[in-house]
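Analysis of the macromolecular model
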Amino acid sequence: MADRTPLIAGNWKMNLEEWQAVELAGSIADGFKGTGVDVVLCPPFPWLVPVAAVLQGTPVALGAQDCSTETAGAYTGQVSPAMLNALCSYVIVGHSERRRDCCESNELVGQKANAALAAGLTPIACVGEALDIRDAGQAISWVEEQVDAIASAVGAEGVARIVIAYEPIWAIGTGRSATPDDAEDVVAAIRARVSATNATAGAQLRILYGGSANAENAAAYLATANIDGLLVGGASLKADSFLEIVSAAI
Ligand code: PEP
């Protein structure tokens with residue numbers, strides 16, 4: 001089996017004042033010893049610069065929550081992956097909140113993942129089904145379609161260098177997490193889907209679970225065969241709960 005370093009990513013979404021972001025990043029950097037797991041914090045865009053200053057020289061990586069497909073030019077309000085690369089090493093693309101609020105399609109999410117890779121960033125590409133899709137028994141086929149769009153956009157060589165986050169929409173911010181078995185079923189299907197065309201990439205690909213993950217349930221996800229880490233929203237906003245999740249991955 002491939003050696004996949006666990007990854008714990010904190011998605012701060014549109015939360016925190018600047019001083020709170022700086023304080024939180026400092027507490028997490030102070031509490032993380034830096035071995036056995038990769039840790040990344042994804043603050044809102046305006047706090048990337050002050051948080052980057054806090055994280056400089058620490059083992060905690062910085063990520064953005066979105067990026068443009070474009071490199072530069074007349075794209076008001078967008079931020080290019082190349083600009084982010086000056087500060088960040090990761091970027092979340094295709095979060096369900098952006099798919100919902102900004103009408104991001106599978107195709108666009110794939111293009112963002114590809115643009116991020118081309119700029120030297122590691123995209124954390126999100127996929128996941130709504131409750132009606134799950135109730136209809138179509139969760140895996142829905143997610144496979146999302147994964148296919150991302151894999152075809154980044155190409156055979158790129159797919160081993162991305163991170164996929166399986167985030168069932170009904171579990172995000174609801175306190176209703178997927179059971180570790182249900183999450184593992186979908187994550188295993190994602191790995192099998194990628195492996196079917198590229199066995200090496202499928203073995204190397206890191207796949208995270210996200211959706212009401214917290215200090216209490218983290219270890220159960222991380223004990224599964226295919227879940228390589230967690231994308232954490234609410235529980236990433238407090239240093240102690242986030243650090244407990246990080247410890248569960250070591
Ligand atoms: C997320 O926003 O990616 C997320 C998983 O949020 P939460 O942990 O709050 O469900």
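As the structure is a computational prediction, the values presented were derived from the model and not from experiment.

The next point concerns the overall build of the protein chain. What the protein chain contains, in helices and strands, is 11 helices and 8 strands. Relative to the 2.2 N^0.38 estimate, which gives 18 Å for 250 residues, the radius of gyration of the protein chain is 17 Å and therefore close to what a compact globule would have. Across its three principal directions, the C-alpha atoms of the protein chain cover 45 × 45 × 35 Å. Taking all 250 residues of the protein chain together, the buried fraction comes to 52%. Contacts in the protein chain between residues at least 24 apart in sequence constitute 71% of all its contacts with a sequence separation of at least 6. Just so you have it, the protein chain exposes about 10,800 Å², and 52% of that area is on carbon and sulfur atoms.

Moving on, we come to helix H11 (residues 239-248). Among all positions of H11, only Ala239, Ser241, Phe242, Leu243, Ile245 and Val246 are buried. If you follow the buried residues of H11, they end up packed against strand S1 (7-11), helix H1 (18-31), strand S2 (38-42), helix H10 (218-222) and strand S8 (229-232).

Moving on, we come to the packing of aromatic side chains. The tally for this structure, following the rule as stated, stands at 2 aromatic pairs. Between Tyr166 and Tyr209, the ring centres sit 6.4 Å apart and the planes meet at 55°, which makes this aromatic pair tilted. Note that Tyr166 is positioned in strand S6 (residues 163-166) and Tyr209 in strand S7 (residues 206-210), a separation of 43 residues in sequence. Taking relative accessible area as the criterion, Tyr166 reaches 0% and is therefore assigned buried. The exposure class of Tyr209 is buried, given its relative accessible area of 0%. Taking 4.3 Å as the distance between ring centres and 25° as the angle between the ring planes, the aromatic pair formed by Tyr209 and Tyr221 counts as stacked. Taken together, the residues span a long stretch of sequence, with Tyr209 in strand S7 and Tyr221 in helix H10 at a distance of 12 residues. Like Tyr221, Tyr209 is buried. The structure contains a cluster of three or more aromatic residues connected by ring pairs, namely Tyr166, Tyr209 and Tyr221.

What follows covers unusual backbone geometry. Comment: phi is negative for the bulk of residues other than glycine, and the bulk of peptide bonds are trans. Backbone geometry at Cys103 places phi at a positive 55°, although glycine is not the residue there. Along the chain, Cys103 falls in the loop between helix H4 (96-101) and helix H5 (106-118). When its relative accessible area of 66% is taken as the criterion, Cys103 is described as exposed.

This part covers the pattern of salt bridges. Enumeration over the complete set of coordinates arrives at 13 salt bridges. Linking Arg4 and Asp228 is a salt bridge whose minimum nitrogen-to-oxygen distance equals 2.9 Å. A residue pair is termed long-range when its members are at least 10 positions apart, and Arg4 in the segment before S1 and Asp228 in the loop between H10 and S8 qualify at 224 residues. Given a relative accessible area of 7%, Asp228 falls into the buried group. Between Glu104 and Lys112 there is a salt bridge whose closest N-O contact spans 2.7 Å. We note that Glu104, like Lys112, is buried. Through salt bridges that share partners, Asp66, Arg98, Glu104 and Lys112 make up one connected network.

In this section: the site of the ligand. The full set close to the ligand counts 14 residues, and Lys13, Glu167, Gly173, Ser212 and Gly233 are the nearest of them. Gly234 is positioned with one of its backbone polar atoms (N or O) 2.8 Å from an oxygen atom of the ligand. Classifying every residue of the shell around the ligand gives 4 nonpolar, 8 polar and 2 charged.

Our focus in this paragraph is the nonpolar core. Core analysis: the biggest nonpolar cluster contains 66 residues, and Ile8, Ile28, Ile190, Tyr209 and Leu230 have the highest contact counts within it. When near neighbours in sequence (up to four residues on either side) are disregarded, Tyr209 contacts Tyr166, Pro168, Ala171, Ser177, Ala178, Ala183, Tyr221, Ile227, Gly229, Leu230 and Leu231.

Below, the discussion takes up the packing of H1 against H11. Here H1 crosses H11 at 35°, and the two axes come no closer than 10 Å. For the pair H1 and H11, the crossing hand works out as right-handed. Of the residues in H11, those in contact with Leu24, Ser27, Ile28 and Gly31 of H1 are Ala239, Phe242 and Leu243. Here the residues of the contact of H1 with H11 are counted per class, giving 5 nonpolar, 2 polar and no charged.

Reading guide: rules and limits
- Residues numbered from 1 in each chain as written.
- Predicted model: local features only at pLDDT ≥ 70, side-chain atom pairs only at ≥ 80, totals over all residues.
- Heavy atoms only, no water.
- Helix = DSSP H or I, 4+ residues; strand = E, 2+ residues; numbered from the N terminus.
- Rg over C-alpha atoms; globule rule 2.2 N^0.38 Å.
- Buried < 20%, exposed > 50% of the residue type's maximum accessible area, 1.4 Å probe, protein only.
- Contact = heavy atoms within 4.5 Å.
- Areas by Shrake-Rupley, 256 points an atom, 1.4 Å probe, with all protein chains shown as cover.
- Phe/Tyr/Trp six-rings, centres within 6.5 Å; stacked < 30°, edge-to-face > 60°.
- Salt bridge = Lys/Arg side-chain N within 4 Å of Asp/Glu carboxyl O.
- Near = heavy atom within 4 Å.
- Polar contact = N/O pair within 3.5 Å; in protein donor to acceptor, adjacent residues only side chain to side chain.
- Nonpolar A, V, L, I, M, F, W, Y, C, P; charged D, E, K, R; others polar.
- Core = buried A, V, L, I, M, F, W, Y, C linked by side-chain atoms within 4.5 Å.
- Axes fitted to C-alpha atoms, helices over the stretch in contact; angles between N-to-C directions.
- Left-handed = near helix turned anticlockwise from the far one by under 90°.

Distances and angles like these do not, on their own, reveal function.
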